[in-house]
Amino acid sequence: MTRDVQAYKGKLKPTWCPGCGDFGLLNALYQAFARLDLDPDQMVVVSGIGCSSRLPGFISSYGVHSLHGRALPIAQGVKLANPKLEVLVVGGDGDAFAIGGGHFPHACRRNIDLTYVVMDNRIYGLTKGQVAPTSDLNFHTVSSPYGNLETPISPTDFALSVGATFVARGFSGKLDQLTDLLVEAIKHRGFSFVDVLSPCVTFNKVNTFKYFQERVIPLPEGYQANRRHQALELVESEEEKIHLGILYREERPTYQDLLDKLDASIPKASPQELVLAQK
Amino acid sequence: MEKVDLVVRIAGESGEGIISAGEILTMACARASFNVNTFRAYPAEVRGGQSMFQMRASNGPIYSAGDDVDILVALNQEAFDRHVASLRNGGILVYDPAETNPQSRSDLLLYAAPFKEMAVRTLQALQVKNIVMMGVIAQLFAMPLDKLEEIVREKFGRKGQGILDKDLQALNLGAQYAREHIHKCDPFQLGQAEGGGKMVLSGNVAIALGALCAGCRFFAGYPITPASEILETLMVEMPKVDGVAIQVEDEISALSMVVGASFAGKKAMTATSGPGLSLMVEMIGLATIVELPLVLVDVQRAGPATGIPTKTEQGDLFIGLFGGHGDCPRIVLAPTTVEECFYQTIYAFNLAERTQMPVILLADQALAQRYETISVPDFSTLFLEDRLAVTSEEVAKGYQRYRLTPNGLSPIGTPGRPGAYIARGLEHNENDVPNYDQKNHQAMCEKRDRKLDLALQDEHLNFERWGDPSSEFGIIGWGSTLGVTREASLALKAEGQEPDVLYLKLLNPLPREEIVRFLANKKRVMVPEINYTGQLSWLLRSAFLFEPAPLKIAGGRPFSVAEILEKAKEVR
């Protein structure tokens, strides 16, 4: 039996503003789940706090709608506890790179097999329009009234430089391509990171759908996604244009692979035997 | 066999192998069937500063590491100067005459041995000075040399044959020196005690083993003094039982991973000290509101901030009980002995599973890094509890994860099986849907709080009471001070002034009925605790409307028996 997208719709209707970029991502996720025919009882969707972190409620699977910034460590705990589960982490750029920024590099280098989708709108939406870690320099918001004084984080650059084994960028205005990227990200063995340009139609009047539509371009002809330095060079050289697609992909043993190998080399004992061995 | 009760203190500079020598001596005495109890003091730095290790060994029951030292081993002048006052009248000093001038006390029995010269001149290895010293005192006081050798082999065997040979030579050199050059004129002869079925553990290792026996199969932690041995032990042992232990990027991540693992159905734990607990506070709130079982061990040290990382304190009672925003119930337990570190960790998991809420285990440095002899656990009496799981019939009928029930418990779904739900940090209704209605919030707060009552079922695990129940003088305490309080109460009993003593092991919810029974005939109640504010006194005063007589020291060291006695006599 294969499931259609209806099988993945949760009991809640999205609470996002009409036209929010996150609808595009959500629809792409439904499509990706159906294409992969995932079993909702075997899936866990983990989020932090923010508009985009409402997403687990819109999916019929297990979910954790947790604390601001803590989605990644919670998700890693889930996956380590039961490696058979399909674990997806979703959230916004503030969750990922501001309050949760300390967890991101470790999740990348640890390479636990899960998929992290960041809906990047370059602003704080839920708290009504404050400056975000991905906001442009000199960007004006209610909390940066004289312009943003901080250089933005480049999510893809960050992920590449700390050892993520799958790094892609999509746009919620390009649903088919985004679906393909999500399918590949979920299929990837290891930590997959998908940066999704997902405009906030209410508070960000600069980085709008039109803004991104004018700037997004495909990867260069003949681009090979298996070279980290090349991927870094590509994202660091971007000025006006923004490339979409799989920027980097590498097969590296996952944390679980290394753990399994270690486990196989260690003689087993009962807890009682371990206590008695202390005698 | 005649009664033996011996207190040995070894003191020297940090980095001279003081702690390591003390540990080996302790293990050897325990293997010779003595009851042991230890205390250590060391600086937060790896090198420099002064360290000390105290071991008490007896063939009778002991409850503390002892106040008065029978034998002081001083490796340098500063160690002698600092610790000489703790030597009892006519006590024994073992020292290196090249390093220490013991002229300040004339009542002492002096045994001189050139530890350093033997290590450097004879063995060309300054680092074995501590082992030469062990050989000397083992020979002098008939400590089990064969057991010492056995432990030295186990401990240093991995470092290569060359190093091991040097260590064994050092041990024998020290023993030989004592045999040939020191005229023994004291009565202390340890020898071999009777009995078996004993083992020696530190509190931290007991907690780690207790977790494994409780069915814990996931541990995440971040190194922190004085709790790191729990992480280190579980990194070694967890793969042997097909569990996962992981060191993560910070304490927030540690508790987050534990919440994730518990959501996925595993019994899970983290262990930390005060600074880590402070970081974990928000995540405790999440565990409370999503109603997931977990165990959080806090090995308390002196705070606030970095405080005194290597020294004990009982200053985290308030944060353990109340840390977090909003109404955030959790269970708080406090073990009182090393043996209880083992059993109470199992109890903590049982309570967590039973109530679907976080359980905080408040140990402290003095307890967690103390060695004590304990009886080999009787595994046939261990009883493990598991969380209430949702059934497929319930799922078919329409599953409500947070259904309101008389005792507050509602079944948990586990990923991988039918029963999908969203664990939400937002207030939710019975259907795990966000809900901000006041009535719903009231009902959910009641539900989460009501589950605390389920922790009150096992009275014998929640407190310990001894002494004379008719006495109008009582002592109420918690945690690692139990041993010294017990010895003080025995001394008072011998004087015909036995108090009534209540030690609280369950600190939230409080075993209220027993406390009310206890207080019914009390005129004066002394409350000893190692923190500046007197946190248990605050709690008891506000919950039971009486004025306790606190005995409090800011952390840094445990109470002595004499301090408890002195205060008891004043209050009584």
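Overview of the structure. Note that this is a predicted model, so its numbers are computed, not measured. (Residues numbered from 1 in each chain as written. Chains lettered and ligands numbered in written order. Predicted model: local features only at pLDDT ≥ 70, side-chain atom pairs only at ≥ 80, totals over all residues. Heavy atoms only, no water.)

## Considerations on the nonpolar core
Right, so step 1: Core analysis: the biggest nonpolar cluster contains 94 residues, and A:Phe191, B:Phe218, B:Ile476, B:Leu507 and B:Leu536 have the highest contact counts within it.
Right, so step 2: At eight residues, helix α10 (residues 274–290) of chain B tops the list of elements feeding residues into this core.
Right, so step 3: Residue contacts for B:Phe218: discarding those within four places in its chain leaves A:Gly77, A:Leu80, B:Met238, B:Val244, B:Ile246, B:Met257, B:Val258, B:Ala261, B:Lys266, B:Lys267, B:Ala268 and B:Met269.
Right, so step 4: Membership of the second largest hydrophobic core comes to 59 residues, among which are B:Leu123, B:Val128, B:Leu164 and B:Ile182. (Core = buried A, V, L, I, M, F, W, Y, C linked by side-chain atoms within 4.5 Å. Buried < 20%, exposed > 50% of the residue type's maximum accessible area, 1.4 Å probe, protein only. Helix = DSSP H or I, 4+ residues; strand = E, 2+ residues; numbered from the N terminus. Contact = heavy atoms within 4.5 Å.)

## Structural notes on the environment of A:Ala107
Residue and element names in this part refer to chain A.
Right, so step 1: By the element assignment, Ala 107 lies in helix α4 (residues 104–110).
Right, so step 2: Along the sequence, Ala 107 and Ala 159 sit 52 residues apart, while their C-alpha atoms lie 9.6 Å from each other.
Right, so step 3: Once residues lying within four places of it in the same chain are set aside, the contact partners of Ala 107 are Leu 72, Gln 76, Ile 112 and Phe 191.

## Comments concerning the layout of surface pockets
All names here are of chain B.
Right, so step 1: Size it by volume and the second largest pocket reaches roughly 720 Å³.
Right, so step 2: Along its surface, the second largest pocket is lined by 34 residues, and Thr 337, Glu 339, Glu 340, Tyr 343 and Lys 505 are the ones closest to its centre.
Right, so step 3: With eight residues, the top contributor of residues to the lining of the second largest pocket is helix α12 (residues 338–355).
Right, so step 4: Across the lining of the second largest pocket, the residue classes tally to 12 nonpolar, 11 polar and 11 charged. (1 Å grid on protein atoms, 1.4 Å probe; cavity = no way out; pocket = protein on both sides within 12 Å on 5 of 7 lines; lining within 4 Å. Points joined across faces, edges and corners; volume = space filled by probe spheres on them. Nonpolar A, V, L, I, M, F, W, Y, C, P; charged D, E, K, R; others polar.)

## A few points about the pairing of strand β20 (residues 524–529) of chain B
Residue and element names in this part refer to chain B.
Right, so step 1: Among the six residues that make up β20, five are buried, leaving the element largely enclosed by the rest of the structure.
Right, so step 2: As judged from the three bridges shared by strand β17 (residues 473–478) and β20, these two strands associate in the parallel manner. Counterpart to Gly 474 in the pairing with β20 is Val 525.
Right, so step 3: Strand direction decides the pairing type here: β20 and strand β21 (residues 549–552), joined by four bridges, are parallel. When the bridges of β21 are listed, Glu 529 appears paired with Lys 552.
Right, so step 4: As a crossover connection, the stretch from β20 through helix α19 (residues 535–544) into β21 is right-handed. (Pairing = 2+ DSSP bridges. Right-handed = clockwise from strand over helix to strand, strands pointing away.)

## Focus on helix α4 (residues 129–140) of chain B
Residue and element names in this part refer to chain B.
Right, so step 1: Its 12 residues place the ends of α4 17 Å apart at the C-alpha level, agreeing with the 16 Å of an ideal helix rising 1.5 Å per residue.
Right, so step 2: Among the 12 residues that make up α4, 11 are buried, leaving the element largely enclosed by the rest of the structure.
Right, so step 3: One or two steps after α4, the chain reaches Ala 142, where phi turns positive at roughly 50 degrees. (Expected span 1.5 Å × (residues − 1).)

## A look at the pattern of salt bridges
Right, so step 1: Under the counting rule described, the total for this entry stands at 56 salt bridges over all chains.
Right, so step 2: Put simply, A:Arg215 and A:Glu214 hold a salt bridge, and the shortest N to O gap is 3.7 Å.
Right, so step 3: Judged by its relative accessible area of 15%, A:Arg215 is buried.
Right, so step 4: Linking B:Asp5 and B:Lys3 is a salt bridge whose minimum nitrogen-to-oxygen distance equals 4.0 Å.
Right, so step 5: Note on B:Asp5: relative accessible area 29%, which makes it partly exposed.
Right, so step 6: According to the relative accessible area criterion, B:Lys3 is exposed, its value standing at 58%.
Right, so step 7: When salt bridges with common partners are traced through the structure, they connect B:Glu459, B:Arg465, B:Asp500, B:Glu514, B:Arg517 and B:Lys522 into a single cluster. (Salt bridge = Lys/Arg side-chain N within 4 Å of Asp/Glu carboxyl O.)

## Digging into the interface of chain B and chain A
Right, so step 1: Across the contact, 58 residues belong to chain B and 46 residues belong to chain A.
Right, so step 2: At the junction of chain B and chain A, the tally comes to three salt bridges.
Right, so step 3: A:Lys11 is the partner of B:Asp432 in a salt bridge, and the nearest nitrogen-oxygen pair spans 3.2 Å.
Right, so step 4: Listed by contribution, the elements that provide at least two residues to the side of chain B that touches chain A are β7 (198–202), α7 (203–214), β9 (244–247), α9 (251–263), α10 and β15 (422–424) of chain B.
Right, so step 5: Of all the elements, α9(B) adds the most residues to the side of chain B that touches chain A, at seven residues.
Right, so step 6: For the side of chain B that touches chain A, a count of residues per class yields 35 nonpolar, 10 polar and 13 charged.

## Description of a negative patch on the surface
Right, so step 1: Residues B:Asp327, B:Glu446, B:Asp449 and B:Asp453 make up a contiguous surface patch of negative charge.
Right, so step 2: The class for B:Asp327 is exposed, based on a relative accessible area of 66%. (Patch = residues over 30% accessible without salt bridge, like charges linked within 9 Å, V, L, I, M, F, W, Y side chains within 5 Å. Areas by Shrake-Rupley, 256 points an atom, 1.4 Å probe, with all protein chains shown as cover. Lys, Arg positive; Asp, Glu negative; His and termini not counted. Charge placed at Lys NZ, Arg CZ, Asp CG, Glu CD.)

## Focus: the sheet that holds strand β5 (residues 166–171) of chain A
Right, so step 1: The nine strands lie next to each other as β7(A)-β8(A)-β5(A)-β6(A)-β4(A)-β3(A)-β1(A)-β2(A)-β15(B), forming an open sheet whose pairing is mixed. Each edge of the open sheet is held by one strand with a lone partner, namely β7 (216–218) of chain A together with β15 of chain B. Strand after strand, the sheet turns through a mean of 20 degrees between neighbouring axes, direction not considered.
Right, so step 2: Summarising the sheet, strand β1 (residues 43–47) of chain A and strand β2 (residues 62–65) of chain A pair through four bridges and their orientation is parallel. Residue pairing for β2(A): A:Val44 is matched across the bridge by A:Tyr62.
Right, so step 3: Most of the contacts of helix α1 (residues 21–36) of chain A go to strand β4 (residues 115–120) of chain A, to which it runs at about 155 degrees, and overall it touches β1, β3 (86–92), β4 and β6 (192–197) of chain A. (Axes fitted to C-alpha atoms, helices over the stretch in contact; angles between N-to-C directions.)

## Description of the pairing of strand β2 (residues 35–41) of chain B
Residue and element names in this part refer to chain B.
Right, so step 1: Counting buried positions along β2 gives seven out of seven residues, so the element sits mostly inside the fold.
Right, so step 2: Pairing between β2 and strand β3 (residues 50–58): seven bridges, direction antiparallel. Bridge assignment links Thr 38 to a residue of β3, and that residue is Met 55.

## Looking at the packing of aromatic side chains
All names here are of chain B.
Right, so step 1: Scanning all chains against the criterion turns up 24 aromatic pairs over all chains.
Right, so step 2: Ring geometry for Trp 466 and Tyr 503: centres 5.8 Å apart, planes at 15 degrees, overall stacked. With Trp 466 in strand β16 (residues 463–467) and Tyr 503 in strand β18 (residues 500–504), the pair connects residues that are 37 residues apart, well separated along the chain.
Right, so step 3: Residue Trp 466 is classed as buried on the basis of its relative accessible area of 13%. (Phe/Tyr/Trp six-rings, centres within 6.5 Å; stacked < 30°, edge-to-face > 60°.)

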